[in-house]
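As a plain string of letters, each chain reads:
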Amino acid sequence: MTVPAWRPMAEVDIDAVERIAALIHPSFHERPEIFVERLALFPAGSLIADDRGEPVGYAVAHPWRLGKPPALDSLLGAIPSEADCLYLHDVAILPRARGRQLTERLVQRLRDLAAALDLGRLALTSVNSTAAMWARYGFATVAPDAALAAKLATYGEDAVYMETP
Ligand SMILES: CC(C)(COP(=O)(O)OP(=O)(O)OC[C@H]1O[C@@H](n2cnc3c(N)ncnc32)[C@H](O)[C@@H]1OP(=O)(O)O)[C@@H](O)C(=O)NCCC(=O)NCCS
């Protein structure tokens, strides 16, 4: 069994990212420019899970504001100068590459990146009933205020906003 590894994403990977997103996230469609913009704004946060040269997953993270996840399919415009967390926008792994600690290794990589940038905390919006998995990797659910609840609703009924302490 091979062990896929995370590597930096390049613009040439965007087609593969779109293919994987269409397969894994059919109900969370985002335009290709969403991935292109995040890659351009914060290259260190866009990653490919690579299995012997073949993309089998991707992750997108960027500095952001705690408690204010961007709406689905929305451009960021810029990385905020007052960013106080590293926000994991999306991670998707093809079924055949799962079970090989890719998410665990991703969280460690993002923790190291956040520490290096003095951002401290990680945040994400959990969907697909993954909150228990994220809790195992150190994330805790944040009770949403009305504005956050409205934002979460764009991600579906089971969306949960989570942060590391
Ligand atoms: C979530 C995802 C990235 C995890 O992939 P992975 O790193 O290979 O993780 P694994 O499949 O090894 O799962 C790790 C653990 O979390 C659990 N888990 C994974 N997805 C889960 C889910 N949707 N609900 C509950 N538990 C889940 C697994 O059972 C596993 O537990 P175990 O170690 O006791 O066996 C992958 O399942 C995926 O791409 N899912 C679809 C997209 C998605 O939901 N992304 C996250 C959005 S917030």
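Refer to the preceding data block for the structure.
Computed from a prediction, not measured in an experiment: that's the story for all the values here. (Residues numbered from 1 in each chain as written. Predicted model: local features only at pLDDT ≥ 70, side-chain atom pairs only at ≥ 80, totals over all residues. Heavy atoms only, no water.)

## As for the environment of Val91
Argument step 1. Relative to the elements of secondary structure, Val91 occurs in strand β4 (residues 85-93).
Argument step 2. Residue classification places Val91 among the buried positions, given a relative accessible area of 18%.
Argument step 3. Counting along the chain gives 32 residues from Val91 to Ala59, while the straight-line C-alpha distance between them is 4.2 Å.
Argument step 4. Filtering out sequence-adjacent residues up to four positions away, Val91 remains in contact with Trp6, His25, Tyr58, Ala59, Leu106 and Trp134. (Helix = DSSP H or I, 4+ residues; strand = E, 2+ residues; numbered from the N terminus. Buried < 20%, exposed > 50% of the residue type's maximum accessible area, 1.4 Å probe, protein only. Contact = heavy atoms within 4.5 Å.)

## Comments concerning the sheet that holds strand β7 (residues 160-163)
Argument step 1. Ordered by their spatial adjacency, seven strands build an open sheet running β1-β2-β3-β4-β5-β7-β6, and the pairing between neighbours is mixed. The open sheet has two edge strands, β1 (5-8) and β6 (140-141), and neither has a second partner.
Argument step 2. Here four bridges tie β1 to strand β2 (residues 46-51), and the two strands are oriented antiparallel to one another. The partner of Ala5 across the bridge, within β2, is Asp50.
Argument step 3. Most of the contacts of helix α1 (residues 14-24) go to strand β3 (residues 54-64), to which it runs at about 90°, and overall it touches β2, β3 and β4. (Pairing = 2+ DSSP bridges. Axes fitted to C-alpha atoms, helices over the stretch in contact; angles between N-to-C directions.)

## Quick notes on the layout of surface pockets
Argument step 1. Put simply, the largest pocket is a space of about 600 Å³.
Argument step 2. Of all elements in the fold, only β4, α3 (102-116), β5 (121-126) and α4 (131-136) reach the threshold of two or more residues within the lining of the largest pocket.
Argument step 3. Considering only residue class, the lining of the largest pocket consists of 15 nonpolar, nine polar and six charged. (1 Å grid on protein atoms, 1.4 Å probe; cavity = no way out; pocket = protein on both sides within 12 Å on 5 of 7 lines; lining within 4 Å. Points joined across faces, edges and corners; volume = space filled by probe spheres on them. Nonpolar A, V, L, I, M, F, W, Y, C, P; charged D, E, K, R; others polar.)

## Some remarks on unusual backbone geometry
Argument step 1. Backbone geometry places Arg52, a non-glycine residue, at a positive phi of 50°.
Argument step 2. Here Arg52 is to be found in the loop between β2 and β3.
Argument step 3. Residues other than glycine seldom take positive phi values, yet Ser129 does so here, at roughly 60°.
Argument step 4. Within the secondary structure, Ser129 sits in the loop between β5 and α4.

## Regarding the site of the ligand
Argument step 1. Close to the ligand lie 19 residues, the nearest being Val91, Ile93, Thr103, Asn128 and Arg136.
Argument step 2. Arg98 places a side-chain nitrogen or oxygen 3.3 Å from an oxygen atom of the ligand.
Argument step 3. Counting atoms within 2 Å of the grid points, the majority share of the ligand lands in the largest pocket.
Argument step 4. Among the secondary structure elements, those contributing two or more residues to the shell around the ligand are β4, α3, β5 and α4.
Argument step 5. The class makeup of the residues in the shell around the ligand is nine nonpolar, eight polar and two charged. (Near = heavy atom within 4 Å. Polar contact = N/O pair within 3.5 Å; in protein donor to acceptor, adjacent residues only side chain to side chain. Sits in = over half its atoms within 2 Å of the grid points.)

Interpretation note: all reported values are geometric properties and have no functional meaning in isolation.
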